[in-house]
Amino acid sequence: MSIDQERGVAGTDSVLAGPPRLVEFAAGAVFVAIALIASWSLWTDPYLELGKAGDDPGPSFIPWIGTTVIGLGGLAQMAWVVFKAVKAGTIKTSGEFVLAKLWLPALLVVSLIIYQQAMKPLGFLTASIIFALPWVAIFHWRSGGAFTKRYLIQLPVEAVLITGGIYSLFYYGINVPFP
Amino acid sequence: MTELLHATVAILTDPVTMALAVVSTLIGIILGALPGISSTMTLAVLLPFSFTMEPGNAMVFLLGAFYGSAWGGSISAILINIPGTPGSMLTQLDGYPLAKQGKAGVALTYALIASTFGGIIGWFGLVIFAPTLARAGFAFQSPEFAVLMIFGLSMLAYASPGSTFLAILSGMFGVLLGTVGLDMITNLSRFDFGVPRLQAGINIIPFAVGIFGLTEILKLLEQRIVTEKAATQIGEIWPRFRDVARTWATALRSSVVGLIVGIIPAAGSAVAVSMSYAQEKKLYEKTETFGNGNPRGIVAAETGNNAAVGGALVPLLTLGLPGDTMTAVLVGALLIHGLQPGPELFTKHPDFIATIYVALALTIILTFILSLALTRAFAKLLSAPPRILYLGILVLCVTGSFAVQNALFDVLLMIFFGAVGYIFLKLGIPTAPMMFGLVLGPLLEENLRRTLIVYGDWSVFFQRPITVVLLLITAVVLLLPFFGKVRERLARAALEAGPD
């Protein structure tokens, strides 16, 4: 483990004398999960056998090395956190995964997926404008802006101009055939 | 030399190329100046525009954005005390106090002159060292390239901020992502999960746009977006010539440090400025104070930062090793245009190499001219409403990802990697090594398997001098954190034991 890790992977304060953080454990768990998914994919593919073609270790050679390193590394990270937690008698929560912080990023991801799905039936430009209208307002609100009468007109105009401008740049500028 | 002359004439006489250079440099400066928009993000969102350009124009365009954003970061560092890019993090230490004294214009000009000087030294470094290293690169065969990729990945993981251990795992995840799709030797598909689109592999653009673009926007949405007002008026622009001339030795030393650090794979601009600044602080500790508006501090940081740009292009072009995330995106750009970075690029496409030299020189000059002419306008941009910028970037992320292959699936990939990057960020897992893994992974696999097919066994890696040296350095790099930890524990034990 590195010095940096000793300093706490998700934060800046030293955990040398204090307990580890839950996110450090979760980081290890994420890598174990990735390794499990990857090994399942390799294991269930009948064509991906190691060392089938002479000296060539085969197409699953590097994937298996990567999967093993990630899996064992993730386990080592989790074990290290558990060891530190037992030693310190507790584990710290970082406050990174709280609803107050996560809801807006989650909303953006969901709305981006809907936007992507809507591109084909609605057309790129229409879908983009529908996506941009609420988000320009959200960015305005997040940067402390008020919703006076002026902004009720200005914000939609900005949304249309931004999406229209970018669409035109790609469509007419570099001939991208949008749906 | 002939190629250099041809490239110079071709670029300077082509209005389209010149327009591209001006526009990309301007966009680079503007985006670099805006806090929260990194150079990597700038390059990632601009990359799709370069697809339809011929390779030379694409590099003019991307280098303009690259260098422009490296300088742009210093504008916000000086005016609002927030570095636009990691490379400008030390410029603010002396730049902002000078701005608060009502000398923002002078601080900006100091930074501009220094960055131009550093850029020129970096350019000379590129032109001198790149061909030499490329010639040495011809001694590299598949075993050397395989080990070089492992060395590069280790260095990049080591240099990433945060946990080195998690950075290595993140890099390995990137290598796994690089193996998605059809295997080049057996044509068998890996990790496609029954999705035919994945058989073509993971395109670097939706990945980079997601990881470096969307992730940042997601992070930004967690709390209120704070818009900083520039603390001062710009005031006078020009410092006294005598004062500028007084810093020539600092500029020269810091440029050389920046260049050398830039050439080292993975060291990056943040390391370059830290070393340049620390060196000058040490040299002048008895006669000058730093951190309170000392122009020498601005000069040290800026020359180091911009000299590293030219330096970072040396391992990229000669060995295909990206020095940082920005150059990793440039590798993606080269690959999209069918150009594999490495020693052969110098023999097969000398005209293209010459174009890169000229493009970088042109960008340095354009950045100087545009910044001098538009200093006050750039300062005003910092108080522009952030909603316009962030919505624009969001739509650009989607549009740019689609434009790669005109595929809606790439937009989905971009959203997926943006979300993955965000979760990684929250968990303290460095994301940049993933990008390096994705870029270097396929090269590692190709060269490793080719080596085993040609040489039959693994012992070849321990019989060739270059591979042995690289393996030793890699081992040292990977073990360094461990030794550091041991040393720290010994020091702590010694402290606890007391003076006796």
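Residues numbered from 1 in each chain as written. Chains lettered and ligands numbered in written order. Predicted model: local features only at pLDDT ≥ 70, side-chain atom pairs only at ≥ 80, totals over all residues. Heavy atoms only, no water.

Q: Before we move on, can you summarise the nonpolar core with the specific residues and values?
A: Formed by 194 residues in total, the largest nonpolar core has its most connected members in Leu108 and Phe139 of chain A. Beyond its immediate chain neighbours, meaning those up to four positions away, Leu108 of chain A contacts Phe131 and Trp135 of chain A together with Leu214, Ile217, Leu218, Leu221 and Leu394 of chain B. Leu90, Val273, Tyr277 and Tyr284 of chain B belong to the second-largest nonpolar core, a separate cluster that totals six residues. (Core = buried A, V, L, I, M, F, W, Y, C linked by side-chain atoms within 4.5 Å. Buried < 20%, exposed > 50% of the residue type's maximum accessible area, 1.4 Å probe, protein only. Contact = heavy atoms within 4.5 Å.)

Q: Residue-level account of the environment of Val256 of chain B, with values.
A: Assignment of secondary structure puts Val256 of chain B in helix α10 (residues 248-263). C-alpha separation for the pair Val256 of chain B and Ile121 of chain B, spaced 135 residues apart in sequence, amounts to 7.4 Å. (Helix = DSSP H or I, 4+ residues; strand = E, 2+ residues; numbered from the N terminus.)

Q: Quick one: what's the story with the pattern of salt bridges, residue by residue and with numbers?
A: Going through the model one piece at a time under the given rule, you end up with eleven salt bridges over all chains. Between Glu158 of chain A and Arg387 of chain B there is a salt bridge, with its nearest N and O atoms 2.6 Å apart. Of this pair, Glu158 of chain A sits in helix α6 (residues 149-173) while Arg387 of chain B sits in helix α16 (residues 386-405), which puts the two residues in different chains. Note on Arg387 of chain B: relative accessible area 5%, which makes it buried. Between Arg450 of chain B and Glu446 of chain B there is a salt bridge, and its shortest N-O distance comes to 2.5 Å. (Salt bridge = Lys/Arg side-chain N within 4 Å of Asp/Glu carboxyl O.)

Q: Go over the interface of chain A and chain B, please, and point to the residues and values.
A: The interface of chain A with chain B comprises 81 residues on the first partner and 73 residues on the second. Across the interface of chain A and chain B, roughly 6800 Å² is buried in total on both sides, 77% from carbon and sulfur atoms. Run the count over chain A and chain B and you get one salt bridge. Linking chain A with chain B are six residue pairs in polar contact (both at pLDDT 80 or more), by the criterion used here. Among the elements of the structure, α1 (3-6), α2 (22-43), α3 (61-88), α4 (99-122), α5 (124-142) and α6 of chain A are those that each provide at least two residues to the side of chain A that touches chain B. With 13 residues, the top contributor of residues to the side of chain A that touches chain B is α4 of chain A. Among the residues forming the side of chain A that touches chain B, the class breakdown is 56 nonpolar, 15 polar and ten charged. (Buried area = accessible area lost by both parts, 1.4 Å probe. Polar contact = N/O pair within 3.5 Å; in protein donor to acceptor, adjacent residues only side chain to side chain. Nonpolar A, V, L, I, M, F, W, Y, C, P; charged D, E, K, R; others polar.)

Q: So what's going on with the packing of aromatic side chains? Which residues, and what values?
A: Within the structure shown, the criterion is met by 24 aromatic pairs over all chains. Residues Phe139 of chain A and Tyr390 of chain B carry aromatic rings whose centres are separated by 6.0 Å and whose planes lie at 40° to one another, so their mutual orientation is tilted. Of the two residues, Phe139 of chain A sits in helix α5 while Tyr390 of chain B sits in helix α16, which places them in two different chains. What makes Tyr390 of chain B buried here is its relative accessible area of 6%. A centroid spacing of 5.4 Å and a plane angle of 20° characterise the contact between Phe178 of chain A and Phe402 of chain B, whose relative ring orientation is stacked. Highlighted residues: Phe178 of chain A in the segment after α6 and Phe402 of chain B in helix α16, drawn from two different chains. With relative accessibility at 3%, the residue Phe402 of chain B sits in the buried group. One aromatic cluster is present, built from ring pairs that chain together Phe124, Tyr167, Tyr171, Tyr172 and Phe178 of chain A together with Phe402 of chain B. Positioned above the aromatic ring of Tyr151 of chain A, the side-chain terminus of Arg150 of chain A is 4.7 Å from the ring centre. Over the aromatic face of Tyr284 of chain B sits the side chain of Arg296 of chain B, whose NZ or CZ is 3.8 Å from the ring centroid. (Phe/Tyr/Trp six-rings, centres within 6.5 Å; stacked < 30°, edge-to-face > 60°. Lys NZ or Arg CZ within 6 Å of the ring centre and 35° of its normal.)

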